[in-house]
Amino acid sequence: MTADFTTAKPTPDLAFISQHLFTAILWVNDELVITWLNAQAEQLLAISSERLLNQSILTLLATDELKLDERAALVLNPDQLDNQTCALTERFHQAKQYQQPFIDHDHIIKTPLNGNLPLSVDYSVTPVIYEQQPYFIIEMWGKDRQSRISEEQRQQQQYNVARHMLRSVAHEIKNPLAGIRGAAQLLQRQFIKFSEATALHNALSPAISDINSGASSAPNSDKQLQKTAQKLRSYTDIIISETDRLTHLIGQFLGSNQLPNWQMLNIHEPLEHVLTLVLNQYPQVILQRDYDLSLPELCADKDQLIQVFLNLINNACESMTEFEQTLQQNAPANADQLPSDILHSNLEVEKTYQPKLHIQTRVAFQHTIGSQQHKQALQVSITDNGSGIDAALIGQIFFPMVTSRAAGTGLGLSIVQDIISCHHGMIDVSSNQAQSANPNSNPSYNYNNSQTRFTLYLPFKQPAIDA
């Protein structure tokens, strides 16, 4: 007689599964109080679980109704509230009564828990019975996140097309430039030979003139020819120097053909290396470090990351320095003739504005880069309080030849974009441009509030290496 033994299959831990979903999940009890949430909900709402637990879900989805409930608790007769209805609270009660889920689209979450930052979401509410108690499962999908991903993909496609066109044009220009430079060098050699021959002839001309008198006009003509040769040689120098400049520019367009030297490194090493180089040139800049020292090592090309940080940090310091100089230049020369309040405000602007550079490193959880979802990604933010970027340019600054600075080439950020793309990462920029840098236009304006932030997202592991 044999016994049949059935292997018991382990029941999956639903909390464990929920923590690894891409969807934000909140567990709400019958009193509409949040009793549990997953990590994606914290990431989406930018609020920690400690602050959300035991809060009413109305704090997120209907703050007006929450205030209405508080007023109702203070009023003896609820009918005195002008027949105001609690629409969302009623929908929760109906969902529980009929066990019918509901969905709301394009809902704006604005709560003091995250600084009243508006967040557009779609969410669903599913009533369930768990251990004979009624609960609600709330799923949220960030509309801003979807819009950001779509916008990033669209911009990346536009950037790739523009980059491909410019590289094609650069290749077509590179070969003729080499021919122009070669021809200019040949001309230069001929002018050098001619100058040397003329100099030798002038050295021998006194002895010849003693033998053959009456040829006094020959030295004058030789001097004139030598001057012409020197002038033409200067023209060839200009041609060679300009072709070299254009060749260097085209080399920046085409980028480096060298493959990345992948290595495991601490992101703070290239950051500190660049900060040591740049801040020696800008001692007036106040540096604020906000490092997460527990970050894991990153697989990257150290030299290329140094070039990225060098471009971004140098641009930030130059922007703040130029903005500070503009504020000082706009200070009135005839200060004695100004009213005391305006004069005092101008002096305060000069004293209170301080160039500040803020560097932050963090781990971004469940972050999407392109079409790849990463459980963990490196986030590096570089923030300055310079003049900011014009809103008309901010969507185009990673394109080649786009710059807001008179002395800029428009290639620095394009190179940064290339390197970050090569590392399968992404770069984002946000900026609130400062008002007119004239203290007289708005004496009460605080110029320290303007800021530009570049945020880099890099995977800790490169997919090409792991494959």
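Criteria and thresholds
- Residues numbered from 1 in each chain as written.
- Predicted model: local features only at pLDDT ≥ 70, side-chain atom pairs only at ≥ 80, totals over all residues.
- Heavy atoms only, no water.
- Helix = DSSP H or I, 4+ residues; strand = E, 2+ residues; numbered from the N terminus.
- Buried < 20%, exposed > 50% of the residue type's maximum accessible area, 1.4 Å probe, protein only.
- Contact = heavy atoms within 4.5 Å.
- pLDDT = per-residue confidence, 0-100.
- Phe/Tyr/Trp six-rings, centres within 6.5 Å; stacked < 30°, edge-to-face > 60°.
- Pairing = 2+ DSSP bridges.
- Axes fitted to C-alpha atoms, helices over the stretch in contact; angles between N-to-C directions.

Visitor: How should I be thinking about the overall build of the protein chain in this particular structure?
Guide: A tally of helices and strands in the protein chain yields 13 helices and twelve strands. Looking at the protein chain as a whole, 36% of its 467 residues are labelled buried.

Visitor: Sorry if this is basic, but what is going on with the environment of Met264 here?
Guide: Residue position: Met264 is located in strand E6 (residues 262-265). Classification of Met264 as partly exposed rests on a relative accessible area of 49%. For the pair formed by Met264 and Phe460, sequence separation is 196 residues and the distance between their alpha carbons is 9.2 Å. Not counting residues up to four positions away in its chain, the partners in contact with Met264 are Glu297, Leu298 and Cys299.

Visitor: Mind showing me how you'd approach the confidence of the model for the protein chain here?
Guide: Caution applies to low-pLDDT parts of the model: their predicted coordinates are not meant to be read in detail. Mean pLDDT over the protein chain: 78, with 72% of residues reaching 70 or higher. Contacts for the low-pLDDT stretch residues 70-78, under 50 throughout, to residues beyond four places or in other chains number five contacts.

Visitor: Before we go on, may I ask you to explain the packing of aromatic side chains in this structure?
Guide: Here the distance between the centres and the angle between the planes together describe a pair of aromatic rings. Tallying each qualifying case throughout the model produces six aromatic pairs. With 5.7 Å between their ring centres and 85° between their planes, Phe92 and Phe102 make a pair best called edge-to-face. Pair noted here: Phe92 is in helix H6 (residues 87-98) and Phe102 is in strand E3 (residues 102-109), with a separation of ten residues, a long-range link. Phe102 matches Phe92 in its accessibility class, with the two residues each being buried.

Visitor: Hey, could you run me through the sheet that holds E3 in this one?
Guide: Within a sheet, adjacent strands bond to each other through the backbone by hydrogen bonds, running parallel or antiparallel. The antiparallel open sheet is built from five strands, whose spatial order is E2-E1-E5-E4-E3. Looking along the sheet, the strands with just one partner apiece sit at the ends: strand E2 (34-37) and E3. Each strand of the sheet is rotated relative to its neighbour by a mean of 30°, with strand direction disregarded. With six bridges connecting them, strand E1 (residues 24-29) and strand E5 (residues 133-142) associate as antiparallel partners.

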